[in-house]
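# Topology and contacts: notes
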Amino acid sequence: MRQFAEEETSHGHKYTGDMAELRCRKVVGEKEHPNGEVDSQHTNSDSCPEDESGNEQTTSPDPVSDTVPKSVSVPESDTVPESDTILEDNVISSPDGTEEENEKQERETTSPTKRPSSRSVILQRLVKVFFGCLAAVTCGMMYAVYLSTYHERKFWFSTRQEVERELTFQGGSAMYYYYYKHMLSAPSFEKGVYDLLRDNRTVSGQTINAVEQLSLYPELITSLLYKLTGSQDVIEPVYFYIGVVFGLQAVYVTALFISSWVMSGTWVAGMLAVAWYIINRPDTTKVDYAIPLRENWALPYFSCQVAALTGFLSNNISSAAEMFCYLLMSVTTFTFLAVWEQSHYVLFVQGLALFLLDCFDLVQPRKMADIHKVYLSSLLLAYLLQHQKSDLLSCPLLSLLIATLLARYFQKNMKKGPLVARVLKILLHFYLVFTTAITFSYVVKKILHVNEDDFALKFLQVKFGLNSTIDFITNMLLCQDAFLSPTQDLFLRLTHASVLPFYLLVLLVCLLSTLHTIYRRLSGEPMNLNLRLEDGRIGEQPEVTYHVFHTLLFGALAMVFEGLKYLWTPYVCMFAAFGVCSPELWMTIFKWLRLKSVHPVVLALILSTAVPTIIGFSLWREYFPRVLSELSELQEFYDPDTVELMNWIKSQVPTAAVFAGSPQLLGMVKCSGLTVTSLPLYTDISLLRRSESTYQVYAMRSAEDVYKLLMANKSSYVIIEESLCNEMSPIKGCRIKDLLDYSNGHVVYDKGEMYAFSKHGRFCHEIKMNYSPYTNYFTRVFWNRSYHVYKVNSVISFQY
């Protein structure tokens, strides 16, 4: 080849020969080293026919190009594809300067085919997006209609009186509906808000900011919408209220639909996720029996935030779509923080999942910085909206963000170096982040005098068996269903609905692929932003990796506290639906199995369609008749004793009266507009202590002791419930009277058995006897089979 170049030089074409030789090296894969030497292993002189006809090349030498030394080589990463190189050679070697004609002819032959193909691709995408959005909205609307119909059939809501309708808001949630009624009856919206900001009609002896303490922004906005839309003449207030909640549930399932659709690429996954969500409704939502609960208002916004975050993390997204996801994520994060008092704990768990993605270099640093901006700005706005609420400054989410930023500032080269060095840097990063976060939170709490987390720490110690206590509040919370560990019934229900087996399979595949991706990142392999289906790397997708960490963290919490299953099971349905409908997941499995008998891509596409189709038909066959029977079956909500009690309170009790009783019952009493001694809030320690004082009516205490406790809370009436006085609980030691006896020290152990003993009888039993000294302090004013109401005498009359 060198000899051929020398011959060409003698004819005055040395430059042409060198260029032909360089082009030949590109075609046959010859490799040049930086020093100008040629790798002989990649040289094939017989495979370059162009050299044999080099005398036909008429390209004149370029004087400027002659100044380039021959030792300069083109790196392999910068070379053009082989097809382009060959085309270039043909153009240069064309005689008589016909290269312009060839280029023109090439544009004419290729442009007609490119234009229709690009247009058809855009059209296909638009049609796919249109039908996917239509399916998502349809699923959400149908679910809202289903909830409304089921609610009507279950409670006969339209035929009930106002009092009976309010009683359907169970679990103490009726008090939230009272504030909605208060805003509608206020002379103006501003006056209604002012009264709630300085509310002295809710808790006796206290003036509270009800909007902040009870998170009443949903009621404020709903009442404002009811007035602005002119719905007074169209729909009753209670129907508008529950209609807004059911509408949010439609948004909830629509967001789950979109999340599964974005991850899998097909809206069939969204339909399967919605079907699983509805089938497992007792384990995915509380909206069936406690409509006004804060979770039912807040979790739809969190679902939208997760859907926006899923799209934002995706690498296959346009700049416009990324900006839309960023704005939607910002709005929903702020709304979620404003609506629910406990939302920052949920976002903290989400922040941990994103923290893991960032540590292992599984997400672009630019996107991680944008997410941090969303968190910080949302916390700041929520802090200002909630009147400088100190809980947000000491929340773990803010501590995690501050610690991450500080640790990253001191570890700028954390993602560089060999495998062992990077692992050690990540371990050091974990240590710096968590120690800084704990220190920051401790300092802020000491400055702001926040002591509620001390109770939470003691509660967790008792929960995990690290300590024991006789404290009534701690033991009562541990006996609540929400704080118990889930039973096997939960897993049996999820398995029977077929969602749990597929979820575990999808989680296993995605987790193993994620671990493999983490190993490649730590080994120095850069992030691949242009994955193909043939690659079979489901763990390389940032949105999938996030959901792996998301479901693992929330799943671990749900295994400890059953009440947190409502944060986990909806995403179990979504994640399982995404997996069975994702060709990338099936391709990842086939890549591991090294399937060769059948083309893996074709088989992956077939299974990603066939498997969800089979699952869908099986669910339709088994559960669709059950759904129809739920809607056609007329149930009955019958509680005449409570209705009688509420009617008596509204008609016979003065408006200035103060009621004492169990927190759940006081939530219903508050819906009548009266003042109560406590509220059904398990996050406020002061209210829990007030509830403990009221619960003493079920303990073995003297009439004088109970009277003093009730008067300390300015009680006018006390309600004694037969269900608590004669409680038969299946959980040993979890009855209210057992917890009180244990806390008051009225327990005697004899030969391994526990007995209650006191010189006083049980108050709720003794007061029914109507003898002194109980009649000196209390006067019975109402009773039926379930309730006994006693007036707390302001003047003690001693009768013997």
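Now for a quick tour of the structure. Just so it is clear, the structure is predicted and the values come from calculations on it, not from any experiment. (Residues numbered from 1 in each chain as written. Predicted model: local features only at pLDDT ≥ 70, side-chain atom pairs only at ≥ 80, totals over all residues. Heavy atoms only, no water.)

Before going further, it helps to examine the packing of aromatic side chains. Summed over all chains, the structure comprises 41 aromatic pairs. Centroid distance tyrosine 146 to tyrosine 150: 6.2 Å. Interplanar angle 20°. Geometry classified as stacked. Within this pair, tyrosine 146 and its partner tyrosine 150 are both found in helix 5 (residues 99-155), separated by 4 residues, close to a single helical turn. For the pair tyrosine 503 and tryptophan 568, a centre-to-centre distance of 5.9 Å together with 80° between the ring planes defines the contact as edge-to-face. Here tryptophan 568 lies in helix 26 (residues 565-580) and tyrosine 503 lies in helix 24 (residues 499-522), a separation of 65 residues in the sequence. Assigned by exposure class, tyrosine 503 and tryptophan 568 land together as buried. Counting every residue linked through ring pairs, the aromatic cluster contains Tyr707, Phe763, Tyr771, Tyr774, Tyr777 and Phe778. (Phe/Tyr/Trp six-rings, centres within 6.5 Å; stacked < 30°, edge-to-face > 60°. Helix = DSSP H or I, 4+ residues; strand = E, 2+ residues; numbered from the N terminus. Buried < 20%, exposed > 50% of the residue type's maximum accessible area, 1.4 Å probe, protein only.)

Bringing the state of the cysteines into the picture now. One way to say it: the disulfide is the covalent bond shared by the sulfur atoms of two cysteines. All told, the structure shown has 2 disulfides when counted by the stated rule. Across a sulfur-sulfur distance of 2.0 Å, cysteine 479 and cysteine 734 are joined as a disulfide pair. Between cysteine 479 and cysteine 734 the disulfide shows an S-S torsion of about -75°. By sign, it is left-handed. In this pair, cysteine 479 sits in the loop between helix 22 (472-478) and helix 23 (488-496) while cysteine 734 sits in the loop between helix 33 (722-725) and helix 34 (736-744), placing the two residues 255 residues apart along the sequence. (Disulfide = S-S within 2.5 Å.)

Tracing the sequence through the fold places phenylalanine 334 in helix 15 (residues 319-339). For phenylalanine 334, a relative accessible area of 25% translates into the label partly exposed. Placed 43 residues apart in sequence, phenylalanine 334 and serine 377 show a C-alpha to C-alpha distance of 8.2 Å. If we ignore the near neighbours within four places in the chain, the residues touching phenylalanine 334 are Ser378, Leu381, Ala382 and Leu385. (Contact = heavy atoms within 4.5 Å.)

Attention shifts here to the pairing of strand 7 (residues 787-792). The side chains of a regular strand alternate between the sheet's two faces. Of all 6 residues in strand 7, 5 are buried, a share of seventy percent or more. In terms of strand pairing, strand 6 (residues 778-783) meets strand 7 through 5 bridges, oriented antiparallel. When the bridges of strand 7 are listed, phenylalanine 782 appears paired with valine 789. (Pairing = 2+ DSSP bridges.)

What follows concerns the side chain of glutamine 364. With respect to the secondary-structure elements, glutamine 364 resides in the loop between helix 16 (343-359) and helix 17 (365-385). Residues contacting glutamine 364, with those up to four places away along its chain left out, are Asn315, Met527 and Leu529.

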